[in-house]
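Results of the structural survey
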Amino acid sequence: MITNLLLVVALLGSLTSFVFFLLVVAAVVRKGFVHNPIHSSFKPPVSVLKPVHGMEPRLEQNLESFFQQDYPNYELIFCARHADDPALLAAEQLSAKYPNIKTKILTCGEPKWPNAKVYSLSHMLEVAENELIVISDSDVQVTPEYLERVVRPLEDQRVGLVTCVYRGVSVKGFWSKLEALGMSVEMTSGVLVAEMLEGMKFALGPTMVTRKDCVRAVGGFEAFADYCADDYLLGNLIEKQGHQVVLSDHAVDHIVVHRSLIESLKHQVRWMRSTRFSRPKGHFGTVLTFAMPFGVLGLIAGVSGHHALLGAAIFGATYLERAMQSVITGYGVVGDREALKQAWLYPLRDLLGFFLWCGSYLGSKIDWRAEVYELTTNGRMLRADAGARIAPFASSSAETPN
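Residues numbered from 1 in each chain as written. Predicted model: local features only at pLDDT ≥ 70, side-chain atom pairs only at ≥ 80, totals over all residues. Heavy atoms only, no water.

Here we look at the overall build of the protein
To keep things clear, this is the line we draw: The helix and strand labels rest on DSSP assignments: H or I over at least four residues marks a helix, E over at least two residues marks a strand, and numbering proceeds from the N terminus. What the globule rule says is 2.2 Å times the number of residues to the power 0.38, and the radius of gyration is computed from C-alpha atoms. Accessible area is worked out with a 1.4 Å probe on protein chains only. A residue is then buried under 20% of its type maximum, exposed over 50%, and partly exposed in between. Should any heavy atoms of two residues lie within 4.5 Å, those residues are counted as being in contact. The accessible surface values rely on the Shrake-Rupley method and a 1.4 Å probe; as for residues, cover is taken only from the protein chains in view. His is not counted here, nor are the chain ends, while Lys and Arg score as positive and Asp and Glu score as negative. The atoms used to mark charge sites are NZ of Lys, CZ of Arg, CG of Asp and CD of Glu.
Secondary structure summary: the protein contains 14 helices and eleven strands in total. In terms of overall size, the protein behaves like a compact globule, its C-alpha atoms giving a radius of gyration of 22 Å where 402 residues would be expected to give roughly 21 Å. Residue burial in the protein is summarised as follows: out of 402 residues, 55% are buried. For the protein, restricting intrachain contacts to residue pairs at least 6 apart in sequence, the fraction spanning at least 24 positions comes to 80%. With an accessible surface of roughly 17,300 Å², the protein has 59% of that area assigned to carbon and sulfur atoms. Positive and negative side-chain charges of the protein, numbering 38 and 40 respectively, have mean locations separated by a distance of 3 Å.

So, in structure tokens, the structure goes:
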């Protein structure tokens with residue numbers, strides 16, 4: 001009876017994951033993602049805000065890609081905690097290499113807010129000369145037409161924010177490759193389905209393009225001082241103000257800087273836990289979108305209960321479905337060639353994603369840039385005891401602060 005029950009669970013889970021796959025296909029067809037040549041005279045002055053913190057793989061190449069924009073009028077603003085930060089020194093060297101690009105180098109000191117990134121953004125916003133601002137993470141690399149493409153939707157005054165999906169780019173190593181596949185396929189799939197079903201009500205951190213007045217209208221960056229998912233909140237609050245949030249047809253490269261298994265798991269669990277606290281209902285329902293856990297369960301239950309053919313069929317169907325998703329979304333939407341060549345590997349990433357989802361419920365602490373925070377209601381975060389360190393799946397015995 002137990003094996004039969006497990007087979008039923010596997011069949012139901014396979015069905016829900018297949019429904020999700022069909023939604024992904026529908027969303028991709030609906031969106032189209034045809035990258036037509038740019039024919040627009042809308043090229044307003046832009047301020048690009050780049051918070052940085054320490055060296056990371058390919059940082060210089062990432063930053064240099066912003067100095068190489070085919071755009072007539074923009075400024076780059078970099079900010080770190082201290083003047084001797086190696087990332088800031090790299091930005092200074094690039095500024096000397098590209099003297100025609102207006103560049104500002106700032107320091108903000110030790111952050112007074114739990115979210116150090118938005119503390120840095122608040123300082124950059126104060127010195128930004130232009131109404132239009134582009135917020136981009138340090139681990140993002142872009143093509144020369146990036147600014148022109150992501151700015152264009154804001155020609156419509158009803159649009160308050162533009163954001164982008166992204167390709168995961170592995171630096172080196174197997175675990176980095178798996179994490180990159182998750183970015184290109186899993187993340188993109190979820191974003192496209194969400195946009196199709198309810199419209200864009202959030203933003204993605206690697207690229208957020210908006211206006212100063214939109215940021216001020218939601219309370220400035222101070223409104224996100226205590227939150228981990230500042231990108232989600234910025235898009236969500238701007239949408240609630242009556243503005244449209246637009247998903248650009250442009251995709252950027254998101255460099256996966258974590259090479260070891262532990263660092264990769266920490267990063268992914270942090271994101272999962274942030275989502276769990278920011279959007280608890282949606283995060284809980286994510287379990288129904290995974291396919292491989294049910295495929296593996298079906299295979300084990302089938303073999304154990306003398307239904308080997310049925311179990312193998314469930315496993316084979318879920319494996320094929322996830323491989324196809326990698327090709328359709330990872331390659332078809334964001335143009336990730338690795339998602340095409342390594343489509344056979346994505347089912348393993350889907351299985352890992354399920355365990356990361358489970359891990360998101362095993363605690364409330366996250367490790368962010370070597371500092372530990374406690375997540376509380378609605379995704380607020382509090383700095384944990386100094387010196388504390390957590391394992392990716394470790395649960396916390398401490399009470400969640402009120």
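Remarks on the pattern of salt bridges
A side chain of one charge can pair with a side chain of the opposite charge if their charged atoms are brought near each other. In plain terms, the rule: Any carboxyl oxygen of Asp or Glu that lies within 4 Å of a side-chain nitrogen of Lys or Arg is treated as forming a salt bridge with it.
The tally for this structure, following the rule as stated, stands at 18 salt bridges. Of the charged contacts, one joins aspartate 230 and lysine 117 as a salt bridge, the two residues approaching to 3.6 Å between their closest N and O atoms. Pair noted here: aspartate 230 is in helix α8 (residues 230–240) and lysine 117 is in helix α4 (residues 116–127), with a separation of 113 residues, a long-range link. On the accessibility criterion, aspartate 230 (5% relative accessible area) is buried. Note on lysine 117: relative accessible area 16%, which makes it buried. The residue glutamate 186 makes a salt bridge to arginine 349 at a minimum N-O spacing of 3.1 Å. Separated by 163 residues along the polypeptide, glutamate 186 in helix α6 (residues 174–198) and arginine 349 in helix α14 (residues 346–359) bring together distant segments of the chain. Like arginine 349, glutamate 186 is buried. Through salt bridges with shared partners, a single network forms among Glu75, Lys102, Lys104 and Glu129.

Brief notes about the sheet that holds strand β3 (residues 102–107)
This is how the line gets drawn: By definition, two strands form a pair when at least two bridges between them are found by DSSP. Helix axes are fitted to C-alpha atoms over the stretch in contact, other axes to C-alpha atoms as well, and angles between N-to-C directions run from 0 to 180 degrees.
A sheet is described by the order of its strands in space; here eight strands give the open sequence β3-β2-β1-β4-β7-β6-β8-β5, paired in mixed fashion. The two strands at the open ends of the sheet, each matched to only one other strand, are β3 and β5 (140–141). Two strands pair when backbone bridges link them, and strand β6 (residues 159–170) and strand β8 (residues 244–256) are joined in this way by ten bridges, in the parallel orientation. In the strand pairing of β8, valine 165 is matched with alanine 251. The sheet strands contacting α4 are β1 (46–51), β2 (74–80), β3 and β4 (132–135), and the helix crosses β1 at an angle near 150°.

Remarks on unusual backbone geometry
Positioned with a positive phi, arginine 58 is a non-glycine residue whose angle comes to about 65°. Structurally, the position occupied by arginine 58 is in the loop between β1 and α2 (59–67). Look at arginine 58 and you get partly exposed, because its relative accessible area is 29%. Even without a glycine there, the phi angle at histidine 306 is positive, about 65°.

Some thoughts on the environment of threonine 377
On the secondary structure map, threonine 377 appears in the loop between β10 (371–375) and β11 (381–383). Classification of threonine 377 by relative accessible area gives exposed; the value is 56%.

A few points about the environment of glutamine 241
Of note, glutamine 241 is situated in the loop between α8 and β8. The spacing of glutamine 241 and cysteine 214 is 27 residues in sequence and 8.5 Å in space, taken between C-alpha atoms. Leave out the neighbours within four places in its chain, and glutamine 241 touches Ala217 and Val218.

Here's the deal with helix α12 (residues 308–331)
Note the threshold: Multiplying one less than the number of residues by 1.5 Å gives the expected span of a helix.
The end-to-end C-alpha distance of α12, which contains 24 residues, comes to 33 Å, matching closely the 34 Å that a straight helix rising 1.5 Å per residue would cover. The set of residues buried in α12 consists of Gly311, Ile314, Thr318, Glu321, Arg322, Ala323, Gln325, Ser326, Thr329 and Gly330. Residues of α12 that are buried sit in contact with α1 (2–31), α6, α11 (292–304), α13 (337–341) and α14.

Remarks on the packing of helix α9 (residues 261–278) against α14
Condition: The scheme is simple: roughly parallel for angles under 35 degrees, roughly antiparallel for over 145, roughly perpendicular for 65 to 115, oblique for anything else. Each crossing gets its handedness from the near helix: less than a right angle anticlockwise from the far helix is left-handed, clockwise is right-handed. All amino acids are sorted into three groups, where Ala, Val, Leu, Ile, Met, Phe, Trp, Tyr, Cys and Pro are nonpolar, Asp, Glu, Lys and Arg are charged, and the leftover types, Gly among them, are polar.
Orientation of α9 relative to α14, taken along the N-to-C sense of each, is 60°, at an axis distance of 9 Å. Here α9 lies oblique to α14, going by the angle between them. Crossing geometry of α9 relative to α14 is assigned as right-handed. Contact residues: α9 offers Leu265, Gln268, Val269, Met272 and Arg273, while α14 offers Arg349, Leu352, Gly353, Leu356, Trp357 and Gly359. Residues that form the contact of α9 with α14 fall into these classes: six nonpolar, three polar and two charged.

Brief notes about the sheet that holds β10
Strand order in the open sheet made by the three strands is β9-β10-β11, with antiparallel pairing throughout. Strand pairing shows two members of the sheet lacking a second neighbour, β9 (365–368) and β11, which therefore form its edges. Direction aside, the axes of adjacent strands within the sheet are offset by 35° on average. Note: β9 against β10, four bridges, orientation antiparallel. The residue bridging lysine 365 from the neighbouring strand is glutamate 374, located in β10.

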